[in-house]
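Architecture at a glance
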Amino acid sequence: SPSCPDGPKRRVCYYYDRGIAGVDYGEDHVMVPRRVDMAHALIRSYGLLGDMSRLRTRPATYDDISAFHDRGYADLLGSLTPEAFAGGGEAELTARSFNIGEPSKKEDPRSVDNPPIAGLWDYCCRYAGGSLAAARALAAGRHDIAINWSGGMHHACRDKASGFCYVNDIVLAIRELLAAFARVVYVDIDVHHGDGVETAFVDSGRVMTVSFHQGTTDFFPKGRGKLQDVGVGEGLYRAVNVPLHAGMDDEGYYGLFQPIMEKVMEVFQPEAIVMQCGGDSLSGDPLGSQNLSIAGHARCVRFMRSFNVPLLLLGGGGYTINHVAACWCYETAVALGKEIDDDIPQHCYDSYYQSQGYKLHYPVKKGLKNDNTNHHVTQTKNTVLRNLAELAA
Ligand code: ZLV
Ligand code: CA
Ligand code: ZN
């Protein structure tokens, strides 16, 4: 029945907008929005579209976006074109002041994290509109799980772009959920720290943010997400950070994720969950150095689903596009409570999966060094659980 903890059925709604697939960060950029189109094509080829409602919505508006973002920044996003930027002058200077088109290494065009892409405003309004509509579907009680794989842009700040993210759809969605639910948990399994979301709610007693991430020296976003960062004021102990070394495997990851999220749910009693499912924590990612399999990544999604609390699933990072698409397709099946075949059906993108033998579940790196010692993992877990116990007291 729908109400049992790991019950097979949930009412799932799904947002997909093909206007996002063609967005181009630039030839040398690692972020490829087409991966969402690839995930969608896979989801369709497995016949999963028939098991979910499709969320159709208008793009987010200027007012939706400026509910969180600075108006000057929203104005810039709404007016910037690649042509105006390339013309130099005022447009370029203003864009750069908001961290758009700003090379971190002078004269190296590849060092631009946040390029002034064509159709920028439209792109932002579409992925943010999807997350807002998903949040509204949960708030209205129309669905148990809502999915937007084009969302999850966790680095965007109130007044600047960061880490490939321009508008923070997660913050917008959480604000929407707070109109209906007393407390919301945010959990982030992208390999990067969810800094934009943590900052937005760092002093909130109603939002608990949890990020698992690579915390090695100089890893982006540098200096954020330390074990000791626990929130402030009303938000004290309501920010949770789980920094990891390179090479984490499925077993070690779940050994942290399961007890920490169990405790979070127990002490905070959220009425809704938002999960950022960035695929750059998967084995072989060119930015991350973790060693998770798709099954290991999805096991975290299945665990959050088992609480039977309204659940918003979002995308995020992930830079081996065939791996990410396979992962988000599998996680869509997990949301639906369906097991799907490992053999990828024939479809428009199937040549992308040749390197993984046309299987959904590709093998993790065998013999990769795991820099997370048992001692370090135990210490991290105990520190986090001790902090969480402060909320129960
Ligand atoms: O997956 O970048 O490290 C959610 C997400 O979490 C940096 N950026 C910046 C800050 C100073 N540095 C170096 C500048 C690098 C600029 C070019 C790349 C170009 C090619 C390949 C990889 C990168 C790159 N950029 C790797 N890591 C970065 C990070 C940003 C990571 C954002 C993760 C976003 C969507
Ligand atoms: Ca994370
Ligand atoms: Zn990431």
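A short tour of the structure in this document, coming up. (Residues numbered from 1 in each chain as written. Chains lettered and ligands numbered in written order. Predicted model: local features only at pLDDT ≥ 70, side-chain atom pairs only at ≥ 80, totals over all residues. Heavy atoms only, no water.)

1. Some remarks on the coordination of the zinc ion (ligand 3)
Worth spelling out the cut-off: Water is absent from the atoms considered, so a metal site may look incomplete; donors are defined as N, O and S atoms within 2.8 Å of the metal, or 3.2 Å for Na, K and Ca. A 1.4 Å probe rolled over the protein chains alone gives each residue an accessible area, and that area as a share of the maximum for its type sets the label: buried under 20%, exposed over 50%, partly exposed in between.
Protein coordination at the zinc ion (ligand 3): the donors are Asp190 (OD), His192 (ND1) and Asp280 (OD), at 2.0 Å from the metal. For His192, a relative accessible area of 7% corresponds to the buried category. Judged by relative accessible area, which is 0%, Asp280 ranks as buried.

2. Some remarks on helix α12 (residues 374-392)
As a reminder, the rule being used: Only DSSP runs of H or I with at least four residues qualify as helices, and only runs of E with at least two residues qualify as strands; both kinds are numbered from the N terminus onward. Expected span of a helix, by definition, is 1.5 Å for each gap between consecutive residues, and there is one gap fewer than residues. Directions pointing from the helix axis toward each C-beta atom define the arc. Residue contacts follow a heavy-atom distance rule, with two residues in contact if any of their heavy atoms lie within 4.5 Å.
The end-to-end C-alpha distance of α12 is 27 Å, a good match for the 27 Å that 19 residues give at a rise of 1.5 Å each. Taken as a whole, α12 has its buried residues at Val377, Thr380, Thr383, Val384, Asn387, Leu388 and Leu391. One face of α12 carries all of its buried residues, which in axial projection span an arc of 135°. Of the residues in α12, the exposed ones pointing more than 90 degrees away from the buried face are Asn374, His375, Arg386 and Ala392. Residues of α12 that are buried sit in contact with β5 (207-214), β6 (239-244) and α9 (250-268).

3. Side note on the pairing of β5
What counts here: A pair of strands is labelled paired if DSSP reports no fewer than 2 bridges between them. Crossover handedness is defined here as right-handed if the route from the first strand over the helix to the second strand goes clockwise, with the strands pointing away from the viewer.
With respect to burial, β5 is a largely interior element, eight of its eight residues being buried. Here β5 shows two buried faces, one formed by Val207, Thr209, Ser211 and His213 and the other by Met208, Val210, Phe212 and Gln214. Here five bridges tie strand β4 (residues 184-188) to β5, and the two strands are oriented parallel to one another. The residue bridging Val184 from the neighbouring strand is Val207, located in β5. Once the chain exits β4 it traverses helix α8 (residues 195-200) before rejoining the sheet at β5, and the crossover so formed is right-handed. Of the strand pairs in this sheet, β5 and β6 are connected by six bridges, and their pairing is parallel. Bridging across to β6, Phe212 finds its partner in Val242.

4. Quick notes on unusual backbone geometry
The amide bond that connects Phe220 to the next residue, Pro221, takes the cis arrangement and shows omega of -10°. One can find Pro221 in the loop between β5 and β6. With phi around 65°, Tyr237 is a residue other than glycine that occupies positive phi space. Looking at the element boundaries, Tyr237 is found in the loop between β5 and β6. Despite not being glycine, Asn308 shows a phi value in the positive range, around 55°. By the element assignment, Asn308 lies in the loop between α10 (294-305) and β8 (311-314).

5. A few points about the packing of α9 against α10
The criterion, for reference: Orientation is described by axes fitted as lines to C-alpha atoms, over the contacting stretch for helices, and by angles from 0 to 180 degrees between their N-to-C directions. Any angle that falls under 35 degrees is termed roughly parallel, while one over 145 is termed roughly antiparallel, one within 65 to 115 roughly perpendicular, and all others oblique. The handedness criterion is simple: a crossing whose near helix is rotated anticlockwise from the far helix by less than a right angle is left-handed, and one whose near helix is rotated clockwise is right-handed. Any residue outside Ala, Val, Leu, Ile, Met, Phe, Trp, Tyr, Cys, Pro, Asp, Glu, Lys and Arg is labelled polar, Gly included; the first ten of those are nonpolar and the last four are charged.
Running from amino to carboxyl end, α9 crosses α10 at an angle of 15°, the nearest separation of the two axes being 10 Å. Our classification of the angle between α9 and α10 gives roughly parallel. For the pair α9 and α10, the crossing hand works out as right-handed. For the pair formed by α9 and α10, the contact residues are Asp250, Tyr253, Tyr254, Phe257, Gln258, Met261, Glu262 and Met265 on the first element and Gly296, Arg299, Cys300, Phe303 and Met304 on the second. Looking at the contact of α9 with α10 residue by residue, the class counts come to eight nonpolar, two polar and three charged.

6. As for the site of ligand 1
Stated precisely, the cut-off is as follows: Only heavy atoms are used to decide nearness, and a residue is near a molecule or strand if one of them lies within 4 Å of it. Pairs of N or O atoms are called polar contacts if they sit within 3.5 Å, as long as, within protein, a hydrogen donor faces a hydrogen acceptor (for residues adjacent in sequence, only side-chain-to-side-chain pairs). Only the protein chains shown count as cover for residues, and the accessible areas themselves come from Shrake-Rupley with a 1.4 Å probe.
Ligand 1 sits among 18 residues. The nearest are Ser104, Asp113, His154, His155 and Tyr319. Measuring from an oxygen atom of ligand 1, one finds a side-chain N or O atom of His154 at 2.7 Å. One of the side-chain nitrogen or oxygen atoms of Asp190 is found 3.2 Å away from an oxygen atom of ligand 1. In the complex, the protein chains occlude 75% of the 710 Å² of accessible area that ligand 1 would expose alone. Class assignment of the residues belonging to the shell around ligand 1 gives a composition of six nonpolar, eight polar and four charged.

7. Looking at a positive patch on the surface
Basically, it comes down to this: Without a salt bridge and with relative accessible area above 30%, a residue can belong to a patch; like charges are then joined within 9 Å and nonpolar side chains (Val, Leu, Ile, Met, Phe, Trp, Tyr) within 5 Å. We define a salt bridge as a side-chain nitrogen of Lys or Arg found within 4 Å of a carboxyl oxygen belonging to Asp or Glu. For the purpose of counting charges, residues Lys and Arg are taken to be positive, whereas Asp and Glu are taken to be negative. His and the chain ends are not included. Think of each charge as sitting on NZ of Lys, CZ of Arg, CG of Asp or CD of Glu.
Judged by side-chain charge, Arg18, Arg44, Arg54 and Arg56 come together as a positively charged surface patch. Position of Arg54 relative to the elements: it lies in strand β2 (residues 53-54). On the accessibility criterion, Arg54 (31% relative accessible area) is partly exposed.

8. Details of the coordination of the calcium ion (ligand 2)
Coordination angles at a metal have ideal targets, namely 109.5 degrees for four tetrahedral donors and 90 or 180 degrees for six octahedral donors. The coordination sphere of the calcium ion (ligand 2) contains the protein donors Asp188 (O), Asp188 (OD), Asp190 (O), His192 (O), Ser211 (OG) and Phe212 (O), at a distance range of 2.4 to 3.0 Å. Taken in chain order, the donor set of the calcium ion (ligand 2) reads D-x1-D-x1-H-x18-S-F. Overall, Asp188 belongs to the buried group, its relative accessible area being 0%. Take Asp190: its relative accessible area is 1%, and that puts it in the buried class.

9. A look at the nonpolar core
What counts is decided by this rule: Throughout this description, the term nonpolar core refers to a set of buried Ala, Val, Leu, Ile, Met, Phe, Trp, Tyr and Cys residues connected via side-chain atoms within 4.5 Å.
Of all hydrophobic cores here, the largest spans 72 residues; its most connected members are Phe212, Phe257, Ile260, Met261, Met275, Met304 and Leu313. Top element by residues in this core is helix α11 (residues 321-336). It accounts for 12 residues. If we skip the residues at most four places from it in the chain, Met275 touches Val187, Ile189, Phe257, Cys300, Val301, Met304, Leu311, Leu312, Leu313 and Leu314.

10. Regarding the sheet that holds β8
Pairing is parallel in the open sheet, where eight strands are placed in the order β2-β1-β3-β8-β7-β4-β5-β6. The open sheet has two edge strands with one neighbour each: β2 and β6. Two elements, strand β3 (residues 145-148) and β8, share four bridges in a ladder whose sense is parallel. Bridge pairing links Asn148 to Leu314 in β8. Contacting β5 and β6, α12 crosses the sheet at an angle of about 180° to β6.

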